[in-house]
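# Residue-level structure breakdown
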Amino acid sequence: MKIEIASFGGGLYKQALTLRNFVLLKPWNLVFTPEQLEEEKNQVHFVAVEEGEVVGVVVLKEIDDKTVKMRQLAVKEKDRGQGIGSELIAFFEEYALEHGYTQIELHARERAVRFYTQLDYERVGDVFKEVTLNHYKMIKNLD
Ligand SMILES: CC(C)(COP(=O)(O)OP(=O)(O)OC[C@H]1O[C@@H](n2cnc3c(N)ncnc32)[C@H](O)[C@@H]1OP(=O)(O)O)[C@@H](O)C(=O)NCCC(=O)NCCS
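Presented here is an overview of the structure given in this document. This one's a predicted model, so the numbers in the text were calculated from it and none came from an experiment.

On to the pairing of strand β6 (residues 122–130). Relative to strand β7 (residues 133–141), β6 runs antiparallel, the two being bridged by six bridges. For F128, the partnering residue across the bridge sits in β7 and is H135. Between β6 and β7, which pair antiparallel and follow one another directly, the connecting turn spans two residues, one of which, V131, has a positive phi of 40°.

Further remarks concern the environment of N29. The residue N29 is located in the loop between α1 (11–25) and α2 (34–39) in this model. Look at N29 and you get exposed, because its relative accessible area is 73%. Along the backbone, N29 and V131 are 102 residues apart, and their C-alpha atoms lie at a distance of 10.0 Å.

With that settled, the discussion passes to the packing of aromatic side chains. All told, the structure shown has six aromatic pairs when counted by the stated rule. Where F46 meets Y95, the ring centres are 5.3 Å apart and the plane angle is 80°; that geometry is what we call edge-to-face. Separated by 49 residues along the polypeptide, F46 in strand β2 (residues 44–50) and Y95 in helix α3 (residues 84–98) bring together distant segments of the chain. Classification of Y95 by relative accessible area gives buried; the value is 18%. Through successive ring pairs, a cluster of aromatic residues spans F46, F91, F92 and Y95. The ring of W28 carries R109 above its face, with NZ or CZ at 4.6 Å from the centroid. Above the ring of Y136, the side-chain terminus of R123 is found at 4.2 Å from the ring centroid.

The end-to-end C-alpha distance of α3 is 21 Å, a good match for the 21 Å that 15 residues give at a rise of 1.5 Å each. Those residues of α3 that fall on the buried side of the exposure criterion are I84, G85, L88, I89, F92, E93, Y95 and A96. Of the residues trailing α3, G100 is marked for its positive phi of about 85°.

A separate point is the site of the ligand. If you check the shell around the ligand, you find 18 residues, and the closest are V75, G81, G83, G85 and S86. Separating an oxygen atom of the ligand from a backbone N or O atom of Q82 is a distance of 3.2 Å. G83 is positioned such that a nitrogen or oxygen atom in its backbone is 2.7 Å from an oxygen atom of the ligand. Comparing atom positions with the cavity grids shows the ligand to sit within the largest pocket. Those elements that provide at least two residues to the shell around the ligand are α1, β4 (67–75), α3, β5 (103–109) and α4 (113–118).

The rules behind the values
- Residues numbered from 1 in each chain as written.
- Predicted model: local features only at pLDDT ≥ 70, side-chain atom pairs only at ≥ 80, totals over all residues.
- Heavy atoms only, no water.
- Pairing = 2+ DSSP bridges.
- Helix = DSSP H or I, 4+ residues; strand = E, 2+ residues; numbered from the N terminus.
- Buried < 20%, exposed > 50% of the residue type's maximum accessible area, 1.4 Å probe, protein only.
- Phe/Tyr/Trp six-rings, centres within 6.5 Å; stacked < 30°, edge-to-face > 60°.
- Lys NZ or Arg CZ within 6 Å of the ring centre and 35° of its normal.
- Expected span 1.5 Å × (residues − 1).
- Near = heavy atom within 4 Å.
- Polar contact = N/O pair within 3.5 Å; in protein donor to acceptor, adjacent residues only side chain to side chain.
- 1 Å grid on protein atoms, 1.4 Å probe; cavity = no way out; pocket = protein on both sides within 12 Å on 5 of 7 lines; lining within 4 Å.
- Sits in = over half its atoms within 2 Å of the grid points.

Have a look at this one:
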């Protein structure tokens, strides 16, 4: 398994989009809007690739010059529990540090809170609804 940055609109990006759609949207009958996808031009798309197949994805969005948002983390169901999600996050954190960011924030689905807690993300604030699901804001300081 290799983690790399997929260029917006390219083959790996398209595979990653299919995976995100399948894991994060379809079960709740959601779709990406053209505006959401347009915004992704300015975001960084990390993909975990195994023999040409995208098995995991996570997306970095800049909030300000010190903070980034981690979004759209998804691993193919058949490949879960092997460390791919954690490795994607480690790669993301390293990239963020190298680019001068000091804080990562994310909106965790309730079921994923424990996973992020194990990786030193801290819950801040109360539960809120996003795309019909309960979420918690979580942050990690990198310095
Ligand atoms: C959350 C997710 C990205 C984790 O990816 P992963 O590659 O399975 O993660 P890892 O293997 O690095 O770690 C998995 C942890 O989750 C748990 N886990 C183990 N097997 C699992 C499985 N088959 N499915 C889900 N979680 C599992 C374990 O507690 C493990 O922690 P451990 O290191 O203490 O054993 C993945 O389960 C997923 O895509 N879930 C659906 C989408 C989602 O919820 N995304 C996050 C939105 S906020």
